[in-house]
Each structure stands twice: as C-alpha cells, then as structure tokens.
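# Residue-level structural notes
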Protein chains: 2
Amino acid sequence: MKLSEGVEWGLHILLTLAWLGDQEPVPAAKLAASHDLPAAYLNKHLQALSRAGLLTSQPGPRGGFTLARPPEQISLLDVAEAIDGSQGAFRCSEIRRRGMGESLPARCFEGPCAINAVMQSADAAWREVLARHSIADIRGTVDEHAPEAAGVARRLFDRDPGSASRSRSR
Amino acid sequence: MKLSEGVEWGLHILLTLAWLGDQEPVPAAKLAASHDLPAAYLNKHLQALSRAGLLTSQPGPRGGFTLARPPEQISLLDVAEAIDGSQGAFRCSEIRRRGMGESLPARCFEGPCAINAVMQSADAAWREVLARHSIADIRGTVDEHAPEAAGVARRLFDRDPGSASRSRSR
C-alpha cells in the first residue's frame, strides 16, 4: 500500500503557495525549483490539482498557479484524492462468491462481504484523519517549528518577507 | 493507494481454515480451488503468511497448511502486513529540506515534517481498525449472514459438516 510521491510533492507545493498568500500566479518551473523537484513530473501533478479545483491555472507568459481557495478549505484528503484518486486501499473482488461460494444461496450475498466491510471502515478512518487537517493547519505547525520558512518562501518568490504573517488572514 | 490482491486472498483462505477448526493440513492446491484462485500465485502468499507466523506449513505428500494460532489471535492487520509489509501508505522523502529548505537552520528539522506527522496519524488510524478485528470476528459475521458457508467449507475439505459450530471453541 503506497501513496504516489506526487501526494507529498503536491502538499509541499500547496503549503508554499499558502505562505505567499496572494493571487499572483507562480510558474510551474519556479514551484519545481522551490523544492528541487523535476518540473515535467511536477507539472502533471499540478494539472491534477487544478482539475480537482485546488489550484487555479492561468495561461500565458505571466501565467502560473495560485491556490483556488483559502488553505483553510483545502484538506490533506483533498490533495491525496486529487493526485491518487478516491478509491480505497482495498478493492473487494467478491471472492466469497467463487469456488465454494457457488454452492451458497444468493441470500448469503445480500450484505457486503464481512472482510470488505472492515477494510472499508479502516479506509474511512484514514480518510477521516486527512479530512480533519488542512493546508492552513500544516502551515500553522511549520510556522511554529520553523518560523523562518515562510520568509524564505516569500523571498524566493519575490514577495515582501515582512508581510508573511499578514498572509494568514487571507 | 492500493493493497495487493493477495491480502484479500489471504483473508478468505484464513477464514476458510478457521471454519475447519482443526490441525489437519490442507494442501495449497485445495485451498486455491476452494476460491477458484490461481494456485501458483496463491502459494506465494501462503508462504508469506507462514513466514509471518500466521500459517504452519507441513511438508510432504500429506502436508499442507493449518492456522498457526487460533483465529481470535489473527487480526486483519496481521494478514495485511504479512502480505504487503508494514510500511505505511505515505513515505516521507524529506522534501522540506530540499530547494528553499537548504536556507533554513538545522533546528527547523528537529521535529518530524508536519505533513508526514498527519499522514502517520492517518496510517495509525487505519491500522488501529484492522488490528481491532480478528479472523474469528469475520467468521462470526459471516456465520450470521451466511450460516451455510461453514458447512459448505467443511464438506469441501471432507470434514464433518455437523461439527461446524463446535469449531468455534477451538
């Protein structure tokens, strides 16, 4: 069971955009350079984040990406599902109906498979934790432990480093 | 994010052995036939379940597999980890240290990455649900909704169908 590396990349890119806290588009190449990521691969994930409505993509020579909504309204689950899809870790293939299951009356299969039911509960618990945490929450934790990070991000993208804290009221 | 199909196969095979409720070895080929699974692929997973101490493998012409411990003591997490390993869905590659992270003092990286911390919490919630449910729990649910299943399994493996309920006291 493994999430794609694009989920990690996407989360860090959204955090970086949250630090900028404005609607000035950032080119994909600059976003890639900010975390030393391969631009072509990252671009595929940026497109997925746009399709999911988490980023706004602006075309043209001065185009780029901005957050499509406030970081308080982007959960870690939104990002994971935008990149990796919303299917759970367990895919029931109804094995219970095969082999010896063919001897059982149809009534036995009216409810969900008991194995699948527990697996779906586990997936729901996983999603619940990710749904409960937003990009703004992550920004808050990082600002606490690495107070310099927001300023470094803002300088890198030619924003006024001093106004980093004001960006939170966005 | 996806668990391998071997997890589903392994769970159904362990449930079947739980219905038999004895220590008479079942050949891999018969286990595969019981759910119409490809024997060669299933065998790989049976070996993994044996290595993890969930099955006991007995060699020889009358050999096969038995449960290595009572189904009450085999959790769904045990099975998932035996087949797919115990690594969580999210693998942090410390992206925070790359690119703009290189400008930050080492102190900023003393704690875990805030993104990784939430991801690990989500994985822990997933594991907690699977650890809380045993093969015996699954057997109990299926016996309730498909009371014929235990008897079908026992007949298929030449056990006395009438003693299916007694197998629970194992």
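Nothing here was measured: the structure is a model prediction, and the numbers come from that model.

Inspection of helix H6 (residues 135–145) of chain B places Ile135(B), Ala136(B), Ile138(B), Arg139(B), Val142(B) and Asp143(B) among the buried residues, and these make up the whole buried set. Down the axis of H6(B), the sector holding all buried residues measures 155°, keeping them to one side. Elements in contact with the buried residues of H6(B): helix H5 (114–132) of chain A together with helix H1 (5–20), helix H4 (76–84) and helix H7 (149–156) of chain B.

Looking now at the interface of chain A and chain B. Contacts between chain A and chain B engage 59 residues on the former and 59 residues on the latter. Regarding the contact of chain A and chain B, the summed buried area is about 5200 Å², with carbon and sulfur atoms giving 73% of it. The tally of links from chain A across to chain B stands at two salt bridges. Across the salt bridge formed by Glu148(B) and Arg107(A), the nearest N and O atoms sit 2.4 Å from each other. Counting across the chain A and chain B interface gives twelve residue pairs in polar contact (both at pLDDT 80 or more). Take the side of chain A that touches chain B: its biggest share by element is eleven residues, from H5(A).

Predicted coordinates in areas of low pLDDT are best not read in detail. All names here are of chain A. Confidence in the prediction for chain A averages 93 pLDDT; 94% of positions are at 70 or higher. Confidence over residues 166–170 falls short of pLDDT 50; this stretch has 18 contacts with residues more than four positions distant or in other chains. For this predicted complex, the interface score ipTM comes out at 0.92, alongside a pTM of 0.92.

It is worth spelling out the pattern of salt bridges at this point. Residue and element names in this part refer to chain A. Under the counting rule described, the total for this entry stands at 16 salt bridges over all chains. Note that Glu72 and Arg139 form a salt bridge whose closest N and O atoms lie 3.6 Å from each other. Remark: Arg139 occurs in helix H6 (residues 135–145) and Glu72 occurs in the loop between strand E2 (64–67) and helix H4 (76–84); sequence separation between them is 67 residues. Ionic contacts of the salt-bridge type, sharing partners, join the residues Glu94, Arg96 and Arg97 into one network.

It is worth spelling out unusual backbone geometry at this point. Phi angles above zero are rare outside glycine, and Glu94(A) is one such case at about 55°. Mapped onto the elements of the fold, Glu94(A) is located in the loop between H4 and H5. When its relative accessible area of 24% is taken as the criterion, Glu94(A) is described as partly exposed. At Asp36(B), a position not held by glycine, the phi torsion is positive, near 55°.

Right, let's talk about the packing of H6(A) against helix H5 (residues 114–131) of chain B for a bit. Here H6(A) crosses H5(B) at 125°, and the two axes come no closer than 9 Å. Between H6(A) and H5(B), the angle falls in the class oblique. When H6(A) is examined against H5(B), the residues Ile138(A), Thr141(A) and Val142(A) are found in contact with a partner set consisting of Ala114(B), Ile115(B) and Val118(B).

Let us now look at helix H1 (residues 5–20) of chain A. Helical periodicity: at 3.6 residues per turn, an α-helix aligns residues three or four positions apart in one direction. All names here are of chain A. Over its 16 residues, H1 runs 23 Å from end to end, which matches the ideal 22 Å to within 8%, given 1.5 Å per residue. Buried residues dominate H1, accounting for 15 of its 16 residues. Phi turns positive one or two residues past the end of H1, at Gly21, with a value near 60°.

Mapping one chain copy onto the other needs a rotation about an axis and a shift along that axis. Once turned by 180° and shifted 0.0 Å along the axis, chain A lies on chain B with an RMSD of 0.0 Å. Interpreted geometrically, this transformation is the action of a two-fold axis. The overlap is high: 100% of the interface residues of chain A also sit at the interface in chain B, so the same surface is used on both sides.

Further remarks concern empty space enclosed by the protein. All names here are of chain A. Scanning the entire structure with this criterion turns up three cavities of 30 Å³ or more. Lining the second largest cavity are eleven residues, with Leu17, Gly21, Asp22, Thr66 and Leu67 positioned closest to its centre. Elements with a contribution of two residues or more to the lining of the second largest cavity: H1 and E2. At three residues, the largest contribution of residues to the lining of the second largest cavity is made by E2. Broken down by class, the residue content of the lining of the second largest cavity amounts to five nonpolar, three polar and three charged.

Roughly 370 Å³ of internal volume is contained in the largest pocket. When contributions to the lining of the largest pocket are tallied by element, the ones reaching two or more residues are H5 of chain A together with H1 and H6 of chain B. Residues that form the lining of the largest pocket fall into these classes: 16 nonpolar, eight polar and five charged. Of the volumes computed, that of the second largest pocket is approximately 310 Å³. Lining of the second largest pocket is provided by 21 residues; of these, Val142(A), Arg96(B), Cys108(B), Cys113(B) and Ala114(B) occupy positions nearest its centre.

What counts, and where the lines are drawn
- Residues numbered from 1 in each chain as written.
- Chains lettered and ligands numbered in written order.
- Predicted model: local features only at pLDDT ≥ 70, side-chain atom pairs only at ≥ 80, totals over all residues.
- Heavy atoms only, no water.
- Buried < 20%, exposed > 50% of the residue type's maximum accessible area, 1.4 Å probe, protein only.
- Helix = DSSP H or I, 4+ residues; strand = E, 2+ residues; numbered from the N terminus.
- Arc of directions from axis to C-beta.
- Contact = heavy atoms within 4.5 Å.
- Buried area = accessible area lost by both parts, 1.4 Å probe.
- Salt bridge = Lys/Arg side-chain N within 4 Å of Asp/Glu carboxyl O.
- Polar contact = N/O pair within 3.5 Å; in protein donor to acceptor, adjacent residues only side chain to side chain.
- pLDDT = per-residue confidence, 0-100.
- Axes fitted to C-alpha atoms, helices over the stretch in contact; angles between N-to-C directions.
- Parallel < 35°, antiparallel > 145°, perpendicular 65-115°, else oblique.
- Expected span 1.5 Å × (residues − 1).
- Least-squares fit on C-alpha atoms with pLDDT ≥ 70 in both.
- 1 Å grid on protein atoms, 1.4 Å probe; cavity = no way out; pocket = protein on both sides within 12 Å on 5 of 7 lines; lining within 4 Å.
- Points joined across faces, edges and corners; volume = space filled by probe spheres on them.
- Nonpolar A, V, L, I, M, F, W, Y, C, P; charged D, E, K, R; others polar.

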